[in-house]
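Here is how the chains run, residue by residue.
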Amino acid sequence: QVQLVESGGGLVQPGGSLRLSCAASGSIFKVYAMEWYRQVPGKQRELVAGITDDGGTNYADSVKGRFSASRDGAKNTAYLQMDNLKPEDTAVYFCYADLSTTSTMPRKNYWGRGTQVTVSS
């Protein structure tokens, strides 16, 4: 069984910072892309940032210059450093991973359960 567990969410004032972590555990052969999404009630889940297995990154326009994605391949863990947070960043943040559990099994997508980020004074 593969699990993704997010951590690091919380309440922060506007202009503050948080660092989210996403740890993938279980029987894992290789992790390809890891991505961060966020969702607010009544809206669709949106892609915030992604990082490939070779370190390539991409970001939503709304977070460019403020958020930074990274990963530790040895730990199968991804991070999202969020700086200069704004109230509109308030959402539940979800981790996503594209990975394979063996060298012969096809890749599958996995999701974490999410962590709440609230930006408010």
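All figures in this text were calculated on a predicted structure; none of them were measured in a lab.

### Concerning the pairing of strand E8 (residues 77-82)
Two faces, one strand: in a regular strand the side chains alternate between the faces of the sheet.
Step number 1: For E8, the buried fraction is high: 5 of the 6 residues fall into the buried class.
Step number 2: Looking at chain direction, strand E3 (residues 18-25) and E8 are connected through 6 bridges and run antiparallel. Bridging across to E8, Cys 22 finds its partner in Ala 78.
Step number 3: Where strand E7 (residues 67-72) and E8 come together, 6 bridges link them in antiparallel fashion. When the bridges of E8 are listed, Ala 69 appears paired with Leu 80.

### A look at the pattern of salt bridges
Step number 1: Applying the stated rule across the entire model yields 6 salt bridges.
Step number 2: Two residues, Asp 53 and Lys 30, come together in a salt bridge whose shortest N-O distance is 3.2 Å. Taken together, the residues Asp 53 in the loop between strand E5 (46-51) and strand E6 (57-59) and Lys 30 in strand E4 (residues 30-39) connect sequence positions 23 residues apart.
Step number 3: Given a relative accessible area of 42%, Asp 53 falls into the partly exposed group.
Step number 4: Of the residues examined, Lys 30 reaches a relative accessible area of 33% and is grouped as partly exposed.
Step number 5: Between Asp 98 and Arg 107 there is a salt bridge, and its shortest N-O distance comes to 2.5 Å.
Step number 6: A relative accessible area of 47% places Arg 107 in the partly exposed class.

Definitions and limits used
Residues numbered from 1 in each chain as written. Predicted model: local features only at pLDDT ≥ 70, side-chain atom pairs only at ≥ 80, totals over all residues. Heavy atoms only, no water. Buried < 20%, exposed > 50% of the residue type's maximum accessible area, 1.4 Å probe, protein only. Helix = DSSP H or I, 4+ residues; strand = E, 2+ residues; numbered from the N terminus. Pairing = 2+ DSSP bridges. Salt bridge = Lys/Arg side-chain N within 4 Å of Asp/Glu carboxyl O.

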